Amino acid sequence: MARLSSIFAPKDREFFDMFEEAAVNGVRAADLLDQMLRGWPDTADLAREILICEQNGDRITHDIIKRINETFVTPIDREDILELASKLDDIVDHTEEVADMLGLYKIEAPMEQAQRLSHILLQSTRQLAEAMPRMRDFQDINHYTVEVNRLENDGDRISRDAIASLFDGGIDPMVVIRWKDIFDGLEAAIDATEHVANTLEGIVIKNA
Amino acid sequence: MARLSSIFAPKDREFFDMFEEAAVNGVRAADLLDQMLRGWPDTADLAREILICEQNGDRITHDIIKRINETFVTPIDREDILELASKLDDIVDHTEEVADMLGLYKIEAPMEQAQRLSHILLQSTRQLAEAMPRMRDFQDINHYTVEVNRLENDGDRISRDAIASLFDGGIDPMVVIRWKDIFDGLEAAIDATEHVANTLEGIVIKNA
Amino acid sequence: MARLSSIFAPKDREFFDMFEEAAVNGVRAADLLDQMLRGWPDTADLAREILICEQNGDRITHDIIKRINETFVTPIDREDILELASKLDDIVDHTEEVADMLGLYKIEAPMEQAQRLSHILLQSTRQLAEAMPRMRDFQDINHYTVEVNRLENDGDRISRDAIASLFDGGIDPMVVIRWKDIFDGLEAAIDATEHVANTLEGIVIKNA
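What you are looking at is a predicted structure, and each value in this text was computed from that prediction instead of being measured.

**With respect to the overall build of chain A**
Stage number 1. Check the secondary structure of chain A and you find seven helices and zero strands.
Stage number 2. When its helices and strands are written in sequence order, chain A yields α-α-α-α-α-α-α.
Stage number 3. Its C-alpha atoms give chain A a radius of gyration of 18 Å, near enough to 17 Å, the size a compact globule of 208 residues would have.
Stage number 4. For chain A, restricting intrachain contacts to residue pairs at least 6 apart in sequence, the fraction spanning at least 24 positions comes to 82%.
Stage number 5. Carbon and sulfur atoms provide 49% of the accessible area of chain A, an area that totals close to 8,800 Å².
Stage number 6. Here chain A holds 22 positive side-chain charges and 42 negative ones, and the gap between their average locations is 4 Å.

Shown next as C-alpha cells:
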C-alpha cells in the first residue's frame, strides 16, 4: 500500500498532517481535562488552556476546508475529508464544554467517576492519535477502533453507575441536574472519539 | 428489478441477510421492552435479555464490517452498508439504555405514556423488518417509511404530553428528572427507527 | 460557473427552488418564534403558525424526495439532495419544539437570554436564505457559513451564561429543569442552522 501514498503530491499529503495535528490537539485537550478533574478546584485555570485547544481545533478545521478548496485531486474524497475534520473537531468542542461547566456550575469537589471518564477520554484520544498516521496508506486500523469501542463501553458503564448513585437518595436536585449534565458532556466527548473511529474505519473500507 | 439482485453473487446477498437479522433483532429488543414496561416491576429480569439483544447487535455490526473488508464488489456502496449497519445498531442501543434506566432509577410503577411509547417503538421496528427484504432488489419502500414517520409523530405527541404532565404540579423534582430521561431515551429509540427508514430511503433512491 | 447551471433542464433547477422555499420557511418559523418570545405570554397563539411552518417543512421535504425519485439526472448527488432537505427540515422541527415547550411548561415570563437566542436563530436562518440562491451555480458561500458559525458561537456563550444564572441560587429546581430544556432546544435549532451551512459547504466543495 506504500505505493498508493507515494504517488500523492506533497501538497496532498498535507491533509494527513492536518488530521494528525487535530488528533494530537484532541489528546492535549483531554490530557488537560484529566489533570483538571484530578486536581479540581486548584486546577480551574486549566480551562483557559483547553479553550485555546478548542480555538486551535477551529483553526485546523478551517485550514482543512481551505485546503480542500485549493486542491484539485484530493487523496480521499472531499466529503470524507470534511466529515473527518468535523468529527475530530467535535472531540475538542465537547471536552471544552465539560471544562467550562465545572466553573459555570461552581462545582466544589469532583466526583470520582468523572475523573475516571476523563481518563477514558484521554486513552481514547491517544488511540486515535496512534491510528491516524496509518491513514496515510490506508493500513488496517481495526486494532485501534476495537480499543476505542471497548473504552466507550467502559465509559458507558461508569457513567450509568454514576448517574444511579446520584439518585440513590438524599442528594439536592440542583446538584443532580449539574452532575447529570457533566456526565452527559463527558459521554458526548467519548462518543465523539468513537464517531471519529467509525469515520476512519469507513474511509479505510472505501479506499483500501 | 429482480434482474439486479439475481446478478449478485450469493456472498454479496449475505449483506441483506445480515441487515434482516439486525432488523429482526431490533423487533425482539423492542418487544421485550414493551413486555417489560407493561408488567413492570415484575418483569425487571427481561433487562438481561435486552442486553443480550444489544450484544447480538454489536456482533452483527461487527460481522457486517468484516464482510465489507472481505468483499471486492459490494451490492450497495460500502459507506451505505456501514451507515445502515450503524443506524440499525442505534435502535437496540437506545432500547437497552431505556431498559437499564428502569432499574438504575429504581422506578416503582411505569407511566402509561411510557408503555404507549414502547408500543410505538415495537410497531416501528416491525415496519423496518417488513421493509428490509424489499431492499434486496431496491423495491419502493415508501409505504413503510411513511408509516415509520407517522409513528414517530405520534410518539412525539405522547412524549410531549407526558413531559407536560410531569410539570403539572406537585411532583418531586427527582421523579421528574428520572422520567424525563426515560422519555428522552424512548424518543431516541423511536428517532433511531426513523433514521433507519431515512437511510433505507436514501439507499433505494441511489440504487433504484 | 453559470455554464454549469445553464445546462440543467428546467425540471432539475426545481430542486433549487425547493431548497430556497425550505430556507425561507425556516426564516419564517424563526421570525415567528422571535416575535413569540419578545411578546410572551400575549403571543402564545403564534405557536399555531409555527406548527404550520413545521408541517409546511414536512411537505417540502416530501416533495423533494418525490422529485428525486422521478428525476433521472439530478443537478447534485441524490444523497446530497436528501441530506440537505433533511437538515433544512431539522431547523423548523427544533423551532416548533421550542415554541411548543413555552406552552407545555406554562412559562410565565421569558428569560432575556432566550429572546437573544431566538434572535440569533433568526439571523442565522437569514444567512442561509441568502446563501441558498448561490447554490444554483455552486458559488463560494464562505461568507455566509463563517457568519453562521460566528452566530452559533455567540449563541453558545449566551446559552452557557443563561444556564449558569439558573444555578446561581434560589431558583426552584422545577423552573431550572424547564428552562434548561428550552435553552437546549434553542441551541439545537441554532446548531441545525450550522449543520445546514456545513452541508452547503460540503456540496459546494464537491461540485465547484
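Let us keep going from here.
**Brief notes about the relation of the copies chain A and chain C**
Stage number 1. Screw-axis analysis of chain A against chain C gives a translation of 0.0 Å along the axis, an RMSD of 0.0 Å, and a rotation angle of 120 degrees. Expressed as a symmetry operation, the mapping of one chain copy onto the other fits a three-fold axis. Every residue of chain A has its C-alpha some distance from the rotation axis, and the shortest such distance is that of proline 173 of chain A, at 3.8 Å.
Stage number 2. Interface residue correspondence from chain A to chain C reaches only 12%, placing this contact among heterologous pairings that use different surfaces.

**Structural notes on the packing of aromatic side chains**
Stage number 1. Using the criterion set out here, one finds nine aromatic pairs over all chains in the structure.
Stage number 2. Geometrically, the ring pair formed by tryptophan 179 of chain A and phenylalanine 183 of chain A is tilted, given 5.6 Å between the ring centres and 40 degrees between the ring planes. Of this pair, tryptophan 179 of chain A and phenylalanine 183 of chain A both sit in helix 7 (residues 173-207), separated by four residues, roughly a single helical turn. One exposure class covers both tryptophan 179 of chain A and phenylalanine 183 of chain A, and it is buried.
Stage number 3. For the ring pair phenylalanine 167 of chain B and tyrosine 105 of chain C, a centre distance of 4.6 Å and an interplane angle of 45 degrees mean the geometry is tilted. Remark: tyrosine 105 of chain C occurs in the loop between helix 4 (78-104) and helix 5 (112-131) and phenylalanine 167 of chain B occurs in the loop between helix 6 (142-166) and helix 7 (173-207); the pair is interchain, linking two chains.

**Looking at the confidence of the model for chain A**
Residues and elements named next belong to chain A.
Stage number 1. Residues of chain A with pLDDT of at least 70 account for 94%, and the chain-wide mean is 92.
Stage number 2. Ranking the helices and strands of chain A by mean pLDDT puts helix 5 (residues 112-131) first, with 98, and helix 1 (residues 2-6) last, with 45.
Stage number 3. pLDDT under 50 marks residues 1-6. Its contacts with residues more than four places away, or in other chains, come to nine contacts.

**Some points on the layout of surface pockets**
Stage number 1. Considered as a void within the structure, the second largest pocket measures approximately 290 Å³ in volume.
Stage number 2. In this structure, the second largest pocket is lined by 18 residues; those nearest its centre are Ile65 and Asn69 of chain A together with Asp140, Val204 and Ile205 of chain C.
Stage number 3. Among the elements of the structure, helix 3 (46-70) of chain A together with helix 6 (142-166) and helix 7 (173-207) of chain C are those that each provide at least two residues to the lining of the second largest pocket.
Stage number 4. Ranked by residues supplied to the lining of the second largest pocket, first place goes to helix 3 of chain A with five residues.
Stage number 5. Tallied by class, residues from the lining of the second largest pocket come to eight nonpolar, six polar and four charged.

**Concerning the pattern of salt bridges**
Residue and element names in this part refer to chain A.
Stage number 1. Throughout the structure, instances matching the rule amount to 66 salt bridges over all chains.
Stage number 2. One salt bridge connects arginine 59 with glutamate 21, and the closest N-O pair in it is separated by 2.9 Å. Here the residue arginine 59 occupies a position in helix 3, and glutamate 21 occupies one in helix 2 (residues 10-39), the gap between them amounting to 38 residues.
Stage number 3. You can call arginine 59 partly exposed: its relative accessible area is 36%.
Stage number 4. By relative accessible area, glutamate 21 is classed as partly exposed at 33%.

**A closer look at the interface of chain A and chain C**
Stage number 1. Facing 17 residues of chain A, the contacting portion of chain C comprises 16 residues.
Stage number 2. Considering only the side of chain A, the residues that lose the most area to chain C are Leu104, Met174 and Ile177 of chain A, jointly responsible for 33% of the buried surface there.
Stage number 3. Where chain A meets chain C, there are five salt bridges.
Stage number 4. We note a salt bridge from aspartate 168 of chain C to lysine 106 of chain A, for which the minimum N-O separation is 2.9 Å.
Stage number 5. The interface formed by chain A and chain C holds six residue pairs in polar contact (both at pLDDT 80 or more) in total.

**Observations concerning the interface of chain C and chain B**
Stage number 1. The partner chain B presents 16 residues to the 17 residues of chain C that form the contact.
Stage number 2. Of the roughly 1,600 Å² buried between chain C and chain B on both sides combined, carbon and sulfur atoms contribute 63%.
Stage number 3. Together, Leu104, Met174 and Ile177 of chain C form the three largest contributors to the area buried by chain C at its contact with chain B, with a combined 33%.
Stage number 4. Inspection of the chain C/chain B interface yields five salt bridges.
Stage number 5. The shortest N-O distance in the salt bridge between aspartate 181 of chain C and lysine 180 of chain B comes to 3.1 Å.

**Side note on the side chain of lysine 180 of chain A**
Stage number 1. Examined against the element boundaries, lysine 180 of chain A turns out to sit in helix 7.
Stage number 2. When sequence neighbours within four positions are dropped, the list of residues in contact with lysine 180 of chain A reads Ile163, Leu166 and Phe167 of chain A together with Tyr105, Ile177 and Asp181 of chain B.

**Considering the packing of helix 5 of chain A against helix 6 (residues 142-166) of chain A**
Residue and element names in this part refer to chain A.
Stage number 1. Across the interface, helix 5 lies against helix 6 with an axial gap of 10 Å and an inter-helix angle of 170 degrees. If you check the angle between helix 5 and helix 6, you find them roughly antiparallel. The hand of the helix 5/helix 6 crossing is left-handed. Touching Gln113, Arg116, Leu117, Ile120, Gln123, Ser124, Gln127, Leu128, Glu130 and Ala131 of helix 5 are Tyr144, Glu147, Val148, Leu151, Asp154, Gly155, Ile158, Ser159, Ala162 and Ser165, all from helix 6.
Stage number 2. Tallied by class, the residues present in the contact of helix 5 with helix 6 amount to nine nonpolar, seven polar and four charged.

Rules used in this analysis
Residues numbered from 1 in each chain as written. Chains lettered and ligands numbered in written order. Predicted model: local features only at pLDDT ≥ 70, side-chain atom pairs only at ≥ 80, totals over all residues. Heavy atoms only, no water. Helix = DSSP H or I, 4+ residues; strand = E, 2+ residues; numbered from the N terminus. Rg over C-alpha atoms; globule rule 2.2 N^0.38 Å. Contact = heavy atoms within 4.5 Å. Areas by Shrake-Rupley, 256 points an atom, 1.4 Å probe, with all protein chains shown as cover. Lys, Arg positive; Asp, Glu negative; His and termini not counted. Charge placed at Lys NZ, Arg CZ, Asp CG, Glu CD. Least-squares fit on C-alpha atoms with pLDDT ≥ 70 in both. Phe/Tyr/Trp six-rings, centres within 6.5 Å; stacked < 30°, edge-to-face > 60°. Buried < 20%, exposed > 50% of the residue type's maximum accessible area, 1.4 Å probe, protein only. pLDDT = per-residue confidence, 0-100. 1 Å grid on protein atoms, 1.4 Å probe; cavity = no way out; pocket = protein on both sides within 12 Å on 5 of 7 lines; lining within 4 Å. Points joined across faces, edges and corners; volume = space filled by probe spheres on them. Nonpolar A, V, L, I, M, F, W, Y, C, P; charged D, E, K, R; others polar. Salt bridge = Lys/Arg side-chain N within 4 Å of Asp/Glu carboxyl O. Buried area = accessible area lost by both parts, 1.4 Å probe. Polar contact = N/O pair within 3.5 Å; in protein donor to acceptor, adjacent residues only side chain to side chain. Axes fitted to C-alpha atoms, helices over the stretch in contact; angles between N-to-C directions. Parallel < 35°, antiparallel > 145°, perpendicular 65-115°, else oblique. Left-handed = near helix turned anticlockwise from the far one by under 90°.

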